[in-house]
Amino acid sequence: MPKKRETESFLPLTPAMFHILLALADGEKHGYAILKEVARRTDDKVRLSAGTLYGNLARLESSGLIAESNRRPEVVLDDERRRYYLLTEFGREVAVAEAERMEEALGQARAKHLFRKPKLA
Amino acid sequence: MENQKLPFSQKLFRALVRVLPFDFRTNYGGEMEGVFREQQREAEERGGLLGALKLWKETIVGIFTTAPREHCQILTGDCSYAFRMMRKNLWFTAVAILTLALGIGANTAIFSVVHAVLLRPLPYPQGQQLVFIRQQEKKLGIDDMQFSVPEIMDYRAQNRTLSGLVEYHDMSFTLFGHGDPDRVRTGVVSANYFDLFGVNPLLGRTFLPDDEKPGASPVLLLSYEYWKNNFGSDPAIVGKTFEMNDMVHTVVGVLPPVPQYPNENDVYMTTSACPFRSNKMHVESRDMRMMEVFGRMKPGVTVAQANADFSTIAAGLKSAYPKFYPDEIGFASSASPLQEELTHTARPTLLLLLGAAAFVLLIACANVANLTLARMARRERELAVRTALGAGRSRLLRQLLTESFLLACAGGILGLLLAYGSLELITDFVGRLTPRAREIHIDSQVLLFTLIAAVGTSIVFGTLSALLSRTNLSSSLKDGSSGAGLGRRHNRLRSALIVCQIAFSFMLLIGAGLMVRSLIKLQQVDAGIVPQRVLAMRTDFNWAKYTAPEATEVVVQKLLDRVKSEPGVLSAAVSSRYPFEPETITGGPESVSFSFQIEGRALEPGQSPPVSTFASVSPDYFTTLGIPLKAGRLLADTDKSKAPGVAVINESASRKYWPNEDPIGKRVSADGGQHWVSVVGVVGDVREFGLDHTPPPEFYGAQAQNAQPATLIVRTAAEPRSMARAITTAVHDVDSQTAVTHILTLEQARYESMASPRVTASLLATFAGLALIIATAGIGGIMALMVSQRVREIGIRIALGARPASILRMVLGQGMLLAALGVGIGVAGAFVLTGLVKSLLFEVPPTDILTFSAVGATLLFAAALASYLPAKRASAIDPTEALRAD
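Keep in mind the model is a prediction, meaning the values are calculated, not measured. Starting from 1, residues in each chain are numbered consecutively following that chain's sequence as written. Labels are handed out in written order, letters beginning with A for the chains and numbers beginning with 1 for the ligands. In view of the model being predicted, local features appear only for residues whose pLDDT reaches at least 70, and side-chain atom pairs are presented and counted only at 80 or more, with totals across whole chains, interfaces and linings using the full set of residues.

1. Some details on the overall build of chain A
Logical step 1: Helix numbers and strand numbers start at the N terminus; a helix is a DSSP run of H or I with at least 4 residues, a strand a run of E with at least 2. In terms of helices and strands, chain A carries 5 helices and 3 strands.
Logical step 2: Reading the helices (α) and strands (β) of chain A from amino to carboxyl end gives α-α-β-α-α-β-β-α.
Logical step 3: Out of the 121 residues belonging to chain A, those deemed buried represent 28%.
Logical step 4: Nonlocal contacts in chain A, meaning residues at least 24 apart in sequence, comprise 60% of its contacts between residues at least 6 apart. Burial in this document is a count-based property: other C-beta atoms within 10 Å of a residue's C-beta are tallied, and the residue is buried at 20 or more, exposed at 12 or fewer, or partly exposed in between, with C-beta positions derived from the backbone. The contact criterion used here is simple: two residues whose C-beta atoms, placed from the backbone, lie within 7 Å are in contact.

So this is what it looks like as structure tokens:
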């Protein structure tokens, strides 16, 4: 129970945070890779600047939703100034809770027939 | 070097990143730069210049939204950490906050007064244009002479520098038609008085020129307070009528709640409605002076120009009326800013108190810095651990400044509450010095002052602690328990702070000591009367009913007979004033002075005529007050209005004007020889204008031959206050329309006359006491700390054969050395500063040896006492324990 309450204290996540967590869901990435992934996945609708990205990374890191990874890629590909971030177990729980929250909101919108044509059915 | 090779855009990005907190930059700055480089490359490839511009826009917005959030987060963290530290060190926190609160509170309170009285412009539009006009008889030593009606007319017609000139005097009248007859303080003013000051009415209107024409139907303006308290803020008051001086007066308006100068009045009337001022004799006589005059300078006119203007007019009057303004009196007139006029008595006292309060804050700062240093010594290890764990240097400085800022803010808030709580007391005190006291309150500017004081304080002691954390912190990790190397450096600074505290405390104590000595001297002065069991009161008859001198004589005699018949009354007298009467003290001897000629003694050219104060008294005045007869006789019941004019003089007058002859039987005249008065007796001197005033020459005229009496004085067998009701009833038995007010015992009046020096002395003494406590606690604290840092060394000394007594002497000696240094600096400072308080002292030289030695001894004794406990502890150190401890 306390865990759940702790998870919920982060909700709702800001779009930037949610997209960063989502970007890390399939593996660890460095800052620029996260930024690229978010832009690609949202058709450039969510564009993070360096300041916004690292401001969010700092907060996610300090609250334990993400962590710095110890594993580095092969030496040829590695840039030692880059740090890699991974999604923690807790971060995954928060991301899932946020997705569920959105899903519930979506369900309520459907029940109210907010969408004329049920595209997502 | 590397920076120089960077492309411009990278340099710009680096500069931009600097708005982020230091730690954030350290952590993510490099990565951000890398990301930005990649973004830039990509944007240029895809969108060219437009793409690059878009990226810059997004980047700038991103950094400027992230930066405040990050700073806030650090601040919140620092604050909660600081709160935790404050809770952990409750003793330190409480002492620091209390010390700062006392310092800041004292300054806030005094500043609120200085701000309201000395700094803020008068609460009237273009208040700096308002001037107070005065006439002087310089050769007679009269600086502030009132005006007669013809004089006012002349100044009004002839001046070229004023846009308006108005007159003012106040009287007490009885107002009928609203319940019981009500004695009202009445300001009698020119019709354009309120226009000149720029005061608009709250209800109705102010006076119009027609209201002041001779024979105009009388109109009244009510003061805001009188309207609120006596008429329950009746909105329909305008148009109501009341009877005053046997005439119907119509209320035409109510004044807004503005401070009233020069005095607070209940109602205002125009000059034509005042039975005295409109009297034909008054209107025509050039030497019947009872008015004060104010003016407003035309825009662009300076006070110097107005002054020159009035000097010219005075010169013109002298040549036009040589009989009234003979050369030997040194007649002159001048204009001075109203603001200065209202505040000049308060200025030296207020500045002295402001200086004293600033000293208290300095001492408080030094003390809190000392406490912080002592705590730093204990926190060195904690700070070193934090550094080792990666907290940046600037991060630590930030943390320390946050802590000191929070302490100062808490001190500031508590200080503000202290100041707020003492405001009424202070207003009451300042009210004795200036009519502007009513304007004192804590407003936004006072709050700003408090904030600045708190921030300044936190910067002073916060920076001190922060600077000291710059020492090599890692050494304290390696070092033993208390960081001896750092400790010694701290100790030197701490000692310097203690010396400063002692020096400042010494100067404050000297100030307070001198004021107290002066007050004691003042209290010991023999006033020349026996003030015990004497009751005095103002008795304002409705004199409109008793115009003929005989009628006055009859009613006064009836009054005295009736009062004397009251059981418990030993004697009674009426007079124009009595010793220590508050108005007499405010007005000073000048307000009741007159010049005269002595029969058979011609003035040499350029010689000034004799001047004396004057009081009109009934025969029993002297016995009632206990004034001894020195020669001749006292006044008698036979000295009636029709009898030959007589006067009794005091010894000062006898010594000054008849130094080598007997004054009895000599005759004087105050009206150029038309009427002569014989001196029939000499009585002892009375210090009636205040205990610090040397008695001036005085003439006591027989009441029946002079002005109508204003006060009743009664000597009783028992406690005089218990007789007040019976005596009031007795007065009302004679004439029920008489207002009996200002009932005071003479002892009260004497005590009140010393209020200003007493309050100044007690405020200064409070400040000095605070300083003494803070400084003594400071010495005790630092000696205790030094001992605890040197346990090992002292242990070795004892082990090597040092006797406890010599250890005691050593520690005590160090404490005393600091105190002696402080006292030495303090003596030098006090010699310079006490010159400034000279004008406030009575018969005490500013470098009074007794005060200096007493204060020095007190401080050294306090220092010895404070060092004794740590010294005792040091001498009792067990060497085996001390050596094992490490």
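There's plenty left to go through after this.
2. Description of the overall build of chain B
Logical step 1: The secondary structure content of chain B amounts to 26 helices and 23 strands.
Logical step 2: As defined in this context, the radius of gyration uses C-alpha atoms, and a globule is described by 2.2 Å times the residue total to the power 0.38. A compact globule built from 886 residues should have a C-alpha radius of gyration of about 29 Å, whereas chain B, at 37 Å, is more than 25% larger.
Logical step 3: Considered along the principal axes of its C-alpha atoms, chain B spans approximately 110 × 90 × 60 Å.
Logical step 4: Looking at the 886 residues of chain B, the share that counts as buried comes to 42%.
Logical step 5: Taking the intrachain contacts of chain B between residues at least 6 apart in sequence as the baseline, contacts between residues at least 24 apart amount to 82%.

3. Focus: the packing of helix α2 (residues 8-17) of chain B against helix α3 (residues 22-88) of chain B
Residue and element names in this part refer to chain B.
Logical step 1: What counts as an axis is a line fitted to C-alpha atoms, over the stretch in contact for a helix, and the angles between N-to-C directions run from 0 to 180 degrees. Between α2 and α3, the shortest axis-to-axis distance is 9 Å and the interhelical angle comes to 130°. One way to sum up the angle between α2 and α3 is to call them oblique. Classified by chirality, the crossing of α3 by α2 is right-handed. Here α2 contributes S9, Q10, F13, R14, L16 and V17 to the contact with α3, which in turn contributes R25, G29, M32, E33, F36, Q40, I60 and I63.
Logical step 2: Considering only residue class, the contact of α2 with α3 consists of 7 nonpolar, 4 polar and 3 charged. Should an angle lie under 35 degrees it is considered roughly parallel, over 145 roughly antiparallel, and from 65 to 115 roughly perpendicular; all remaining angles are considered oblique. Each crossing is labelled by how the near helix is turned from the far one, with a counterclockwise turn of less than a right angle marking it left-handed and a clockwise turn marking it right-handed. Nonpolar residues are Ala, Val, Leu, Ile, Met, Phe, Trp, Tyr, Cys and Pro. Charged residues are Asp, Glu, Lys and Arg, and all others, Gly as well, are polar.

4. Quick notes on the domain arrangement of chain B
Logical step 1: The domain limits used here are those given by an automatic or database domain assignment. According to the domain assignment, chain B contains domain 1 (2-88), domain 2 (127-343), domain 3 (351-524 + 755-885) and domain 4 (542-737).
Logical step 2: By residue class, the composition of the side of domain 1 of chain B that touches domain 3 of chain B is 5 nonpolar, 1 polar and 2 charged.

5. Concerning the environment of A39 of chain A
Logical step 1: Its place among the elements puts A39 of chain A in helix α3 (residues 31-41).
Logical step 2: Its 18 C-beta neighbours within 10 Å are what place A39 of chain A among the partly exposed residues.

6. Here's the deal with the pairing of strand β12 (residues 534-540) of chain B
Residues and elements named next belong to chain B.
Logical step 1: Of all 7 residues in β12, 6 are buried; the element is thus mostly enclosed.
Logical step 2: If DSSP finds at least two bridges between two strands, the strands pair. One ladder, built from 5 bridges, connects β12 with strand β22 (residues 711-716); its direction is antiparallel. Residue pairing across strands places A536 opposite I713, the latter belonging to β22.
Logical step 3: Sheet analysis places β12 next to strand β23 (residues 739-745), joined by 5 bridges and oriented antiparallel. Bridge pairing links T539 to V740 in β23.

7. Some points on the packing of helix α22 (residues 755-789) of chain B against helix α25 (residues 849-875) of chain B
Residue and element names in this part refer to chain B.
Logical step 1: Relative orientation of the contacting elements α22 and α25 amounts to 20°, with a least axis distance of 8 Å. Classified by the interaxial angle, the pair formed by α22 and α25 is roughly parallel. Remark: the crossing between α22 and α25 carries right-handed chirality. Along its contact with α22, which presents L772, T776, I779, G780, M783, A784 and V787, the element α25 presents A862, A863, A866, S867, L869, P870, R873 and A874.
Logical step 2: Classifying every residue of the contact of α22 with α25 gives 11 nonpolar, 3 polar and 1 charged.

8. Quick look at the confidence of the model for chain B
Residue and element names in this part refer to chain B.
Logical step 1: Confidence of the predictor at the level of single residues is captured by pLDDT, which takes values from 0 to 100. Looking at chain B, the pLDDT average stands at 86 and 95% of residues meet or exceed 70.
Logical step 2: Low confidence marks residues 472-485, where pLDDT is under 50. Its contacts with residues over four positions away, or in another chain, come to 22 contacts.
Logical step 3: Among the prediction metrics, the complex's ipTM stands at 0.86, with pTM recorded as 0.73.

9. Topic: the nonpolar core
Side chains that are nonpolar tend, in soluble globular proteins, to be buried together.
Residue and element names in this part refer to chain B.
Logical step 1: Residues V360, I502, F506, L508, I713, F767 and A771 are the most contacted members of the largest nonpolar core, which totals 152 residues.
Logical step 2: Top contributing element to this core by residue count: helix α11 (residues 346-388), with 18 residues.
Logical step 3: Here this core gathers at least three residues from each of two domains, domain 3 (351-524 + 755-885) and domain 4 (542-737).
Logical step 4: Residues contacting I502, with those up to four places away along its chain left out, are A775, L818, A819, G822, V823, G826 and L859.
Logical step 5: Think of a nonpolar core as buried Ala, Val, Leu, Ile, Met, Phe, Trp, Tyr and Cys residues chained together by C-beta atoms that fall within 7 Å. Grouped together as the second largest cluster of nonpolar side chains are 51 residues, M269, M297, A335 and L338 included.

10. Quick look at the sheet that holds strand β2 (residues 66-68) of chain A
Two strands in a sheet stick together by hydrogen bonds in their backbones, pointing the same way (parallel) or opposite ways (antiparallel).
Residues and elements named next belong to chain A.
Logical step 1: If you walk across this open sheet you meet the 3 strands as β1-β3-β2, and the pairing is antiparallel. Edge positions in the sheet fall to β1 (29-30) and β2, since each of these pairs with one other strand and no more.
Logical step 2: Where β1 and strand β3 (residues 84-87) come together, 2 bridges link them in antiparallel fashion. When the bridges of β3 are listed, H30 appears paired with Y84.
Logical step 3: Helix-sheet contacts for helix α2 (residues 15-24) involve β1, β2 and β3, and the interaxial angle to β3 is about 95°.

11. Brief notes about helix α16 (residues 549-564) of chain B
Residues and elements named next belong to chain B.
Logical step 1: For a helix, the expected span equals 1.5 Å multiplied by the residue count minus one. Spanning 16 residues, α16 covers 22 Å between terminal C-alpha atoms, matching the ideal 22 Å at 1.5 Å per step.
Logical step 2: Here α16 has its buried residues at T552, V556, L559, L560 and V563. All buried residues of α16 fall inside an arc of 95° around its axis, so they share one side. Every exposed residue of α16 that faces more than 90 degrees away from the buried side is listed here: E550, A551, V554 and D561. Read the arc as the range of directions from the helix axis to the C-beta atoms.

12. Observations regarding unusual backbone geometry
Of all residues except glycine, most have a negative phi; of all peptide bonds, most are trans.
Logical step 1: Backbone torsion omega between L11 of chain A and P12 of chain A reads -10°, so that peptide bond is classified as cis.
Logical step 2: Residue position: P12 of chain A is located in the loop between α1 (2-8) and α2.
Logical step 3: You will see that Q126 of chain B, though not glycine, has its phi angle at about 45°, which is positive.
Logical step 4: Among the secondary structure elements, Q126 of chain B is positioned in the loop between α4 (90-119) and β1 (130-137).

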